[in-house]
Amino acid sequence: MNNPILQLKKLTKTFSKGKVKALNEISFSLSKGKILALVGESGSGKTTLIRIITGLETQNNGSVVFKNNILSSNKIFIEPEKRNIGMVFQEYALFPHFTVFDNIAFGISKNKKERVTEVLDLVALEGFEKRFPHELSGGQQQRVALARALAPKPELLILDEPFSNLDVILRQQLRSDIKEILKKTNTTAIFVTHDIKDALKISDEILVLQKGNLLQYGNTDEVFKNPNCEYVSLLFDAYKI
Amino acid sequence: MKQILLKILRDSNKWSIILLTIVLFVSIPILSIAINALNGPGESWDHIVHNMLPNYLKNSFWLVFGTSMLTLFFGISSAWIVSRYQIPFAKQLQWLLILPLAIPSYITAYAYAGFFDYAGFFEKITGLRVDIMNIYGLIFILSISLYPYVFVASRAFFVNQSNNIIEASKILGASERKTFFKLILPLARPAFIGGLILVIMEVLNDYGAAKYYGINTFTTGVFRAWFSLEEPETAIYLSVILLVTILLFIILEKKQRKNTAYFNSVKNHTEVRKLELSKKWRYILLFVAILPFLLGFIIPLLQLLFWAFLTYKDVFTTSFFTIALQSLSISLVSAVCTVSFALIFIYASKWNRLQFLKSFEKIGVLGYAIPGAVIAVGILIPSLFLDKSIVMFFKNNLDIKIGFLINGTVLILIYAFIIRYLAVAYSPIEASSLKLNNTLVDASKLLGKSNVFTFFKIELPILKPAILSGCILVFVDVMKELPLTLILKPYHINTLAVKAYEYASDELIAEAALPSLFIILTGILPIVFLNRLISKS
């Protein structure tokens with residue numbers, strides 16, 4: 001793989017004093033500008049994996065390398081706030097006591113006004129600066145969350161089940177909007193979902209997890225056409241129907 | 001082994017060191033008692049074992065047993081009545097029944113001593129004389145002072161209890177009595193035992209009431225060994241026995257907590273429907289529910305008001321104001337320090353990444369279970385040692401004579417209050433911080449902000465009510481505190497609690513009323529305020 005921005009090497013994570021294996025020697029590399037869909041059912045290890053990449057969790061073994069720098073290994077740990085990795089949370093996690101402007105400006109240190117206007121423009125929410133999160137619809141909150149994550153220009157953006165709280169129509173709309181925004185800003189992204197339809201529509205690459213094991217990883221079209229096991233095949237069957 | 005060491009090095013940060021320092025800071029009294037216990041007991045130990053220990057054991061046992069029974073009766077019956085039946089003033093009773101907590105048990109003890117005294121109100125009204133200055137009287141006093149712990153815990157359970165269970169029982173033909181005794185009471189057991197453990201700890205901590213009623217308990221024994229016999233070693237030995245007893249109760253409470261799962265598993269809650277009663281039963285149950293409030297709050301309050309009316313001209317002097325001001329300042333500073341300390345403790349534990357250190361967190365809440373007298377002894381020993389070492393150092397190396405720098409200062413008193421009441425501030429703040437949506441914190445960190453910045457900008461505004469609650473609770477507790485203050489307070493500083501105790505000890509019981517009323521007032525206002533805060537939230 002050319003110029004990988006993110007590399008995971010034999011990442012292992014256990015819980016309950018080693019009794020529960022959440023991740024089992026996961027390794028993969030992601031190139032700059034690519035969108036990776038991380039697919040798996042509940043309990044497959046998706047959330048644990050992204051929490052380790054962001055530094056919100058530590059692994060038991062293995063390492064995370066970002067732009068050729070080790071972010072975490074058995075010896076090294078870089079704090080989440082120093083990693084320049086952004087994230088859009090499933091529940092949006094907008095600060096309830098801040099306005100839209102303050103939420104988006106939270107992670108920016110210079111030229112706040114210009115940058116907030118720029119990202120609000122990007123997510124089509126011009127004029128919403130003074131509103132509070134509770135004054136926005138679900139879709140608008142999602143867009144603010146995306147704008148906030150994009151504002152500090154992260155080198156990797158993680159989107160954790162961003163559509164799970166939205167209705168079908170809004171979901172379709174946002175799906176294409178987000179893909180367009182990510183491509184326009186050339187942002188490398190990991191898109192976490194249990195919905196194969198979302199994964200196929202948005203991603204360049206796909207990684208399937210089951211019970212902490214990596215089942216298949218590759219170009220989305222190739223994986224779709226050539227699933228390497230029954231589980232992956234069944235995942236796509238649901239979409240074909 | 002090398003791998004483990006590497007991971008410890010990887011995961012340790014400045015918060016791990018801060019957490020360890022706090023744990024050490026909080027453990028000093030227990031550690032000093034444990035270490036000094038190894039030096040053996042004092043000269044009077046044999047005498048105490050043969051002549052006094054059986055008495056301490058017997059009295060402490062009967063106090064714990066009797067108070068437990070009576071608090072269970074008062075607490076559960078009133079909680080069930082206000083939760084289950086339509087009685088007059090049910091809404092007001094929900095918080096009126098908590099008010100006895102605002103009166104320290106030693107003040108209730110003084111008030112009742114006067115109420116039942118020769119020519120007291122009781123004799124004037126009934127013509128009868130009752131001697132209350134004995135162990136049965138003390139059990140009664142402690143019960144009417146402490147039943148709110150059981151009341152609050154039981155009521156919380158009864159209110160959240162699913163109505164489906166009661167209805168299912170009724171459909172199966174069970175009577176109201178059978179439903180209560182066979183279903184509700186066994187289900188509520190974990191809830192009210194939680195409250196009961198707090199009662200037991202308060203009984204074992206009591207000094208003022210037991211001393212005034214002349215009942216020898218472990219806590220009065222610690223005082224006697226320290227002050228009368230002047231044998232710290234013996235005080236330490238008694239403290240160890242008391243500590244072990246308390247630890248047994250803590251283990252018991254933990255065990256019973258594990259059983260709470262079954263009453264939380266009730267799904268589809270429907271509020272308990274209140275039953276209508278005939279007029280006769282409505283007033284009978286109102287009387288049963290209101291009785292603990294009358295006994296625990298109204299009667300002592302009236303007695304104190306009467307005394308205050310008689311003595312206010314002598315007591316309400318400039319020195320009273322000075323003492324009140326000192327009391328308020330010490331309580332306020334202690335409350336702010338304890339809450340700040342609790343916050344640092346909670347967040348150091350959260351931000352520290354070494355998992356095994358997180359288990360030390362519970363040491364912070366141990367202080368509330370340890371009687372004030374034991375904490376005081378545990379602090380005095382190392383601080384005296386430190387002070388003597390400093391004095392010797394200055395004398396030997398610099399030829400300068402200095403006095404004690406730590407002992408006899410407000411600093412040591414506030415340190416003791418922090419240890420004793422850390423759990424009081426810790427619990428509401430920790431509960432709120434656990435409820436706080438963690439993704440908000442994660443979001444802030446991933447936007448490049450540090451732990452401390454995230455705390456001040458995101459968490460603190462949301463935690464404000466819990467921090468305020470913690471502050472108020474510690475403030476009230478420090479205002480009421482007696483045994484620890486008696487041992488550690490600087491000689492030139494006084495508190496209202498100590499002043500009331502001194503008046504009562506000098507047979508000037510009526511004069512104790514005014515400082516007592518002031519303590520009660522500072523206790524009631526925060527309870528009303530907290531009640532509003534909880535209702536709002």
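About the thresholds
- Residues numbered from 1 in each chain as written.
- Chains lettered and ligands numbered in written order.
- Predicted model: local features only at pLDDT ≥ 70, side-chain atom pairs only at ≥ 80, totals over all residues.
- Heavy atoms only, no water.
- Helix = DSSP H or I, 4+ residues; strand = E, 2+ residues; numbered from the N terminus.
- Rg over C-alpha atoms; globule rule 2.2 N^0.38 Å.
- Buried < 20%, exposed > 50% of the residue type's maximum accessible area, 1.4 Å probe, protein only.
- Contact = heavy atoms within 4.5 Å.
- Areas by Shrake-Rupley, 256 points an atom, 1.4 Å probe, with all protein chains shown as cover.
- Lys, Arg positive; Asp, Glu negative; His and termini not counted.
- Charge placed at Lys NZ, Arg CZ, Asp CG, Glu CD.
- Pairing = 2+ DSSP bridges.
- Axes fitted to C-alpha atoms, helices over the stretch in contact; angles between N-to-C directions.
- Parallel < 35°, antiparallel > 145°, perpendicular 65-115°, else oblique.
- Left-handed = near helix turned anticlockwise from the far one by under 90°.
- Nonpolar A, V, L, I, M, F, W, Y, C, P; charged D, E, K, R; others polar.
- Right-handed = clockwise from strand over helix to strand, strands pointing away.
- Phe/Tyr/Trp six-rings, centres within 6.5 Å; stacked < 30°, edge-to-face > 60°.
- Lys NZ or Arg CZ within 6 Å of the ring centre and 35° of its normal.
- Salt bridge = Lys/Arg side-chain N within 4 Å of Asp/Glu carboxyl O.
- 1 Å grid on protein atoms, 1.4 Å probe; cavity = no way out; pocket = protein on both sides within 12 Å on 5 of 7 lines; lining within 4 Å.
- Points joined across faces, edges and corners; volume = space filled by probe spheres on them.

Draft legend 1. Here's a closer look at the overall build of chain B. Within chain B one finds 23 helices and zero strands. Taking 537 residues into account, the globule formula puts the C-alpha radius of gyration at 24 Å, and chain B, at 25 Å, falls close to it. Its C-alpha atoms give chain B principal-axis dimensions of roughly 85 × 65 × 50 Å. A buried classification covers 54% of the 537 residues belonging to chain B. Looking at chain B alone, contacts between residues at least 24 apart form 83% of all its contacts between residues at least 6 apart. When the accessible surface of chain B is totalled, it reaches about 25300 Å², and 67% of it is carbon and sulfur. Between the centroid of the 46 positive side chains of chain B and the centroid of its 29 negative side chains there is a distance of 13 Å.

Draft legend 2. Representation of the overall build of chain A in the model. For chain A, the count of helices and strands is eight helices and 10 strands. The C-alpha radius of gyration of chain A comes to 18 Å, within 12% of the 18 Å expected for a compact globule of 241 residues. Taking the principal axes of its C-alpha atoms as reference, chain A extends roughly 50 × 50 × 35 Å. Expressed as a percentage of contacts within chain A between residues at least 6 apart in sequence, the contacts between residues at least 24 apart total 65%. Carbon and sulfur atoms form 47% of the exposed surface of chain A, whose accessible area is close to 11000 Å². When the 33 basic and 27 acidic side-chain charges of chain A are each reduced to a single mean position, those positions are 5 Å apart.

Draft legend 3. Broad picture of the pairing of strand E8 (residues 189–193) of chain A. Residue and element names in this part refer to chain A. With five of five residues buried, E8 is to be regarded as a mostly interior element. Note: strand E3 (residues 35–39) against E8, five bridges, orientation parallel. If you follow Val 39 over to E8, its bridge partner there is Thr 193. With four bridges joining them, strand E7 (residues 156–160) and E8 adopt parallel strand pairing.

Draft legend 4. Region of the structure containing the packing of helix H5 (residues 105–115) of chain B against helix H14 (residues 279–315) of chain B. Residues and elements named next belong to chain B. The N-to-C vectors of H5 and H14 enclose an angle of 70 degrees; their axes lie 9 Å apart at closest approach. Of the possible angle classes, the one that applies to H5 and H14 is roughly perpendicular. The element H5 and its partner H14 pack so that their crossing is left-handed. Every residue of H14 that contacts H5 at Ile 107, Thr 108, Tyr 110, Ala 111, Tyr 112, Gly 114 and Phe 115 is listed here: Leu 295, Ile 299, Pro 300, Gln 303, Leu 304 and Trp 307. Taken together, the residues of the contact of H5 with H14 sort by class into 10 nonpolar, three polar and no charged.

Draft legend 5. Structural context of the pairing of E7 of chain A. All names here are of chain A. Within E7, five of the five residues are buried, which leaves the element mostly enclosed by the surrounding structure. Alternating residues of E7 divide into Leu 156, Ile 158 and Asp 160 and Leu 157 and Leu 159, and every residue in both groups is buried. Bridge analysis of strand E6 (residues 85–88) against E7 gives four bridges, and the strand direction is parallel. Within E7, the position partnered with Met 87 by the bridge is Ile 158. In terms of handedness, the path from E7 via helix H5 (residues 168–184) over to E8 forms a crossover that is right-handed.

Draft legend 6. View of the packing of aromatic side chains. Scanning the entire structure with this criterion turns up 46 aromatic pairs over all chains. Considering the side-chain rings of Phe 95 of chain A and Phe 98 of chain A, the 5.7 Å spacing of their centres and the 80 degrees angle between planes classify their relative orientation as edge-to-face. Between the aromatic rings of Trp 62 of chain B and Phe 65 of chain B, the centroid separation amounts to 5.8 Å while the plane-to-plane angle is 80 degrees, which identifies the pairing as edge-to-face. Here Trp 62 of chain B pairs with Phe 65 of chain B, and both are found in helix H3 (residues 45–84), just three residues apart, close to one helical turn. In textbook terms, an aromatic cluster arises when at least three aromatic residues are bridged by ring pairs, as seen for Trp 80, Tyr 85, Phe 157, Phe 158, Phe 180 and Phe 181 of chain B. Over the aromatic face of Phe 106 of chain A sits the side chain of Lys 449 of chain B, whose NZ or CZ is 5.8 Å from the ring centroid. Positioned above the aromatic ring of Tyr 503 of chain B is the side chain of Lys 499 of chain B, whose terminal nitrogen or guanidinium carbon lies 4.9 Å from the ring centre.

Draft legend 7. Focus on the environment of Leu 20 of chain B. Residues and elements named next belong to chain B. Relative to the assigned elements, Leu 20 resides in helix H2 (residues 14–37). Of the residues examined, Leu 20 reaches a relative accessible area of 43% and is grouped as partly exposed. When sequence neighbours within four positions are dropped, the list of residues in contact with Leu 20 reads Leu 357 and Phe 360.

Draft legend 8. Representation of the environment of Ser 427 of chain B. All names here are of chain B. If you trace the backbone, Ser 427 turns up in helix H18 (residues 410–435). On the basis of relative accessibility, which here comes to 38%, the residue Ser 427 falls in the partly exposed class. Separated by 345 residues in sequence, Ser 427 and Val 82 place their C-alpha atoms 27 Å apart.

Draft legend 9. Focus on the sheet that holds strand E2 (residues 20–31) of chain A. All names here are of chain A. One open sheet holds the four strands; their spatial order is E2-E1-E4-E5, and the pairing between them is antiparallel. At either end of the open sheet lies a strand with only one pairing partner, and these are E2 and strand E5 (69–72). Across the sheet, the mean angle separating the axes of adjacent strands is 25 degrees when strand polarity is ignored. Where strand E1 (residues 4–15) and E2 come together, eight bridges link them in antiparallel fashion. Note on E2: the bridge partner recorded for Leu 8 is Phe 28. Against the sheet, helix H1 (residues 46–54) contacts E1, E2, strand E4 (61–66) and E5, and its axis sits at roughly 120 degrees relative to E1.

Draft legend 10. Seen up close, the pattern of salt bridges. Enumeration over the complete set of coordinates arrives at 15 salt bridges over all chains. Note that Asp 11 of chain B is salt-bridged to Arg 10 of chain B, the shortest N-O span being 3.0 Å. Shared partners join several salt bridges into a network, and the residues in it are Lys 13, Arg 51 and Glu 57 of chain A together with Asp 442 of chain B.

Draft legend 11. Highlighting empty space enclosed by the protein. Residues and elements named next belong to chain B. Counting across every chain of the model gives four cavities of 30 Å³ or more. Put simply, the largest cavity is a space of about 320 Å³. Lining the largest cavity are 21 residues, and of these Pro 104, Ser 105, Glu 202, Asn 205 and Lys 480 sit closest to its centre. For the lining of the largest cavity, the secondary structure elements donating two or more residues are H5, helix H7 (135–160), helix H9 (176–205), H18 and helix H20 (451–480). The biggest single contributor to the lining of the largest cavity is H7, with three residues.

None of this, on its own, says anything about what the molecule does.
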